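Chain by chain, the residues:
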Amino acid sequence: MRLLVRDRLLGIGDDYWIEDEHGRKVFLVDGKAMRLRDTFELKDAHGRVLVDIHQKMFALRDTMVIERDGEGLATIKRKRLSLLRNHYRVALVDGTELDVSGKILDHEFAIEYDGELLAVISRRWLHLRDTYGVDIVREDADPALLIAVAVCVIHLAQREREDD
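The following refers to the structure shown. (Residues numbered from 1 in each chain as written. Predicted model: local features only at pLDDT ≥ 70, side-chain atom pairs only at ≥ 80, totals over all residues. Heavy atoms only, no water.)

Take unusual backbone geometry next. Its identity as a non-glycine residue notwithstanding, Asp 69 has a phi of 55°, on the positive side. Phi angles above zero are rare outside glycine, and Asp 114 is one such case at about 50°. Following the sequence through the fold, Asp 114 ends up in the loop between strand E10 (108–113) and strand E11 (116–122). Relative accessible area serves as the criterion here: at 71%, Asp 114 is assigned to the exposed category. (Helix = DSSP H or I, 4+ residues; strand = E, 2+ residues; numbered from the N terminus. Buried < 20%, exposed > 50% of the residue type's maximum accessible area, 1.4 Å probe, protein only.)

Right, here's the structure in full:
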């Protein structure tokens, strides 16, 4: 599954569509403005909320939380020792972990589980300016979760960059 995202991922309060490779609207990222913490909702094409994404309020390091139906699904934070590349750890509630690594701010990174590639986020495939692709490699992967992970890591990397 290949999805196309216009480069508006970082604006809180901005809503934007994620389309499939045929131009059909698949997901809506609904950024919530005027909140104490950074908050997004990922909705399907019919407006149903698939996952809620928000910043964890009280954490030593910036942390994002993904919830589905009010239940925790995943927590995302930067790995402590990642000097050369951006590395983020996604801790799922079932105890498994996903690894996200690459050039997050350039939208060139991979999401892996136990060394197996789940998705690749890249501008390299595209000729359109300010657009990048999300290529979900595994058919049994949860596309909403992987899109939510991409939203979180890009958002965290941007906040980190602004703080420097």
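Another aspect to go through is the pattern of salt bridges. Scanning all chains against the criterion turns up 10 salt bridges. Residues Lys 79 and Asp 99 are paired through a salt bridge, measuring 2.8 Å at the closest nitrogen-oxygen approach. Of the two residues, Lys 79 is situated in the loop between strand E7 (71–78) and strand E8 (86–92) and Asp 99 in strand E9 (residues 97–103); the sequence distance between them amounts to 20 residues. (Salt bridge = Lys/Arg side-chain N within 4 Å of Asp/Glu carboxyl O.)

Formed by 44 residues in total, the largest nonpolar core has its most connected members in Ile 53, Ile 66, Val 100, Phe 109 and Ile 111. Per-element tally for this core: the top contributor is helix H1 (residues 143–163), with 13 residues. Those residues in contact with Ile 66, other than ones at most four positions away along the chain, are Val 51, Asp 52, Ile 53, Glu 71, Gly 72, Leu 73, Ala 74, Ile 76, Leu 145, Ala 148, Val 149 and Cys 152. (Core = buried A, V, L, I, M, F, W, Y, C linked by side-chain atoms within 4.5 Å. Contact = heavy atoms within 4.5 Å.)

Moving on: the environment of Asp 94. By secondary structure assignment, the location of Asp 94 is in the loop between E8 and E9. Separated by 20 residues in the primary sequence, Asp 94 and Ala 74 place their C-alpha atoms 8.9 Å from one another. Within the structure, Asp 94 has its side chain in polar contact with the side chain of Thr 96 (distance 2.6 Å). (Polar contact = N/O pair within 3.5 Å; in protein donor to acceptor, adjacent residues only side chain to side chain.)

Further remarks concern the pairing of strand E5 (residues 49–55). In the sheet, strand E4 (residues 39–44) pairs with E5 via five bridges, with the strands oriented antiparallel. By the bridge assignment for E5, Leu 42 is matched with Val 51. Counting the residues that bridge the hairpin from E4 to E5 gives four residues, and of these Gly 47 lies at a positive phi of roughly 90°. Here E5 runs beside strand E6 (residues 63–68); their pairing, made up of four bridges, is antiparallel. Paired with His 54 across the strands is Val 65, a residue of E6. (Pairing = 2+ DSSP bridges.)

Okay, the side chain of Lys 43 next. Secondary-structure assignment places Lys 43 in strand E4. At 3.0 Å, the side chain of Lys 43 forms a polar contact with the side chain of Asp 30. Once residues lying within four places of it in the same chain are set aside, the contact partners of Lys 43 are Val 26, Phe 27, Leu 28, Asp 30, Arg 48, Val 49 and Leu 50.

Let us look at the environment of Lys 103. Position of Lys 103 relative to the elements: it lies in strand E9. Once the C-alpha coordinates of Lys 103 and Ala 157 are considered, the two residues, 54 residues apart in sequence, prove to be 9.6 Å apart.

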